[in-house]
Amino acid sequence: RMAAAPPSYCFVAFPPCSKDGLVVFGKNSARPRDEVQEVVYFAAAEHDPGSKVECTYIEIEQVPKTHAVVLSRPSWLWGAEMGANEHGVCVANEAVVTREPASESEALLGMDLVRLGLERGATAKEALDVIVALLEEHGQGGNYYEDGSSCHTFQSAFLIVDRNEAWVLETSGKYWAAEKVTEGVKCICNQLSLTTKIDAEHPELRNYVKSQGWWNGDSDFNFSEVFSLADDHLACCSGRESLEKQGGDVSAQAMIDVLRDKDSGVCVDSESFLTTASIVSVLPQDPSFPCIHYFTGTPDPSRSIFKPFIFVDDVKLVPKVQSPSFGNDDPAKKIPRFQEKPDRRHELYKAHEWARSLLENDQDKGQKLMRIMLDLEKQGLEAMEDILSRTEILDPAEVVDLFYDCVDTELKFFK
């Protein structure tokens, strides 16, 4: 049953669909129901020549300098489901199934490539170039889940966004194609979506598919048709219509509303899968304004609140949304992997479990708590709107504790 790719959804809205010269990005991360996702920040860093970086399964060459990143990630792995860097680049990935079986041998995970793109790319196009170069050099493969009993492998698709443009990148093995987007709304989910509008591609892509007998070279080259299994490449994006209906008014709030929508299927809550974390980012096209990234850090956005993060120097770390670290004793790092599952719940996750049981057992109390939480979220959204409508430059001291304080306040309400 888990062979189906998890039904995550990623969105981006550009003017004229989004308001006030903002680019708005969002993702619901659908993963196995009991998986914990943490929110982690890594400062920009310089690295010695010849140093290596240990990804989830393999070690690769490090680069001289990595950008500061904030990530939402399943806490057993190195990479991320989604995140942003200090230059206003956001990346999210999707697991996809193509006609080529994904490799079980351990290589880079799509989620590792999300983090690598953010750490090494100062624009969306740079992040794309980083991802496809690493794909060429190291390949993708290995278990997508913390599961010792069976190996779940997928190919990857990515939505890569900055203040000016977005790239939809879809891959199968080391082969890839990408489309550039600069206006309107784009959605990607767990199946291929690129058709004949391809703005960049692997240099050998067409020769390769011809050699496989998947394309005769005469008809229009349609990436999804060539690489999908049978009729898998249908328009999958139920959330897109809701965003387009906003008529030029897509804001952080509108994106949050779409991510909370269970009826549309965008907010996943099924037998196998749950939206285990969500992100919304607002990227002003005017570079004198800061980008704002909202994270839940907890499952089910309809019962979670989106808390803002802004990149500044010495931003305060938030251990309460970080899972415990098991170092080299982590069963994810020992071979054979995943022989046991440690308790990876962080403090905010545990508080949410308590709140969830309250919602289920005492509806009045639960709904009252939810109203207080949403009010807290609204205050955060309004404070951020205020920052984006000011004329004077933001004082970093004002937001250095921003995400920390929001998490702290949220926890206080649960107590």
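All values derive from a computational prediction rather than experimental measurement.

On to the overall build of the protein, then. The secondary structure content of the protein amounts to ten helices and 18 strands. Its C-alpha radius of gyration of 20 Å places the protein within 12% of the 22 Å reference for a compact globule of 415 residues. Its C-alpha atoms put the protein at 60 × 50 × 50 Å along the principal axes. Across the protein, the fraction of contacts at a sequence separation of at least 24, relative to all contacts at a separation of at least 6, is 69%. As presented, the protein carries roughly 17200 Å² of accessible surface, and 47% of it is formed by carbon and sulfur atoms. Of the side chains in the protein, 42 bear a positive and 69 a negative charge, and the two mean positions are spaced by 4 Å.

So, on to the sheet that holds strand β18 (residues 307-309). In a beta sheet, neighbouring strands are held together by backbone hydrogen bonds and run either parallel or antiparallel to one another. Read across the sheet, six strands follow the order β14-β1-β2-β16-β17-β18 without closing on themselves; strand pairing throughout is antiparallel. Where the open sheet ends on each side, the last strands, each with one partner, are β14 (185-188) and β18. With strand direction ignored, the average angle separating the axes of adjacent strands in the sheet is 15 degrees. Alignment of strand β17 (residues 292-295) against β18, held across three bridges, turns out to be antiparallel. Among the inter-strand pairings, Phe295 is bridged to a residue of β18, identified as Lys307.

The subject of this paragraph is the nonpolar core. Within the largest apolar cluster, 92 residues are counted, with the highest numbers of intra-cluster contacts made by Phe11, Leu159, Val161, Phe223, Val280, Tyr294 and Ile310. Discounting residues that sit within four places of it in the chain, Val280 has contacts with Val24, Phe25, Gly26, Ala252, Met255, Ile256, Leu259, Ile292, His293, Tyr294 and Phe306. Counting residues in each nonpolar core, the second largest holds 46 residues, with Val114, Ala124, Tyr145 and Ala200 among its members.

Okay, the side chain of Arg390 next. Along the chain, Arg390 falls in the loop between α8 (363-389) and α9 (396-399). In this structure the side chain of Arg390 is engaged in a polar contact, spanning 3.1 Å, whose partner is the side chain of Asp386. A polar contact of 3.0 Å, which involves the side chain of Arg390, links it to the side chain of Glu398.

Below, the discussion takes up unusual backbone geometry. For residues other than glycine, phi is negative in most cases, and the peptide bonds are mostly trans. The linkage connecting Pro15 with the following residue, Pro16, adopts the cis geometry, with an omega of 5 degrees. If you trace the backbone, Pro16 turns up in the loop between β1 (9-13) and β2 (22-32). Between Ile335 and Pro336 the backbone carries a cis peptide bond, its omega angle lying at -10 degrees. Inspection of the secondary structure assignment puts Pro336 in the loop between β18 and α7 (347-361). Phi is positive for Asp20, which is not a glycine, with a value near 50 degrees. Mapped onto the fold, Asp20 is located in the loop between β1 and β2.

What counts, and at which threshold
Residues numbered from 1 in each chain as written. Predicted model: local features only at pLDDT ≥ 70, side-chain atom pairs only at ≥ 80, totals over all residues. Heavy atoms only, no water. Helix = DSSP H or I, 4+ residues; strand = E, 2+ residues; numbered from the N terminus. Rg over C-alpha atoms; globule rule 2.2 N^0.38 Å. Contact = heavy atoms within 4.5 Å. Areas by Shrake-Rupley, 256 points an atom, 1.4 Å probe, with all protein chains shown as cover. Lys, Arg positive; Asp, Glu negative; His and termini not counted. Charge placed at Lys NZ, Arg CZ, Asp CG, Glu CD. Pairing = 2+ DSSP bridges. Axes fitted to C-alpha atoms, helices over the stretch in contact; angles between N-to-C directions. Core = buried A, V, L, I, M, F, W, Y, C linked by side-chain atoms within 4.5 Å. Buried < 20%, exposed > 50% of the residue type's maximum accessible area, 1.4 Å probe, protein only. Polar contact = N/O pair within 3.5 Å; in protein donor to acceptor, adjacent residues only side chain to side chain.

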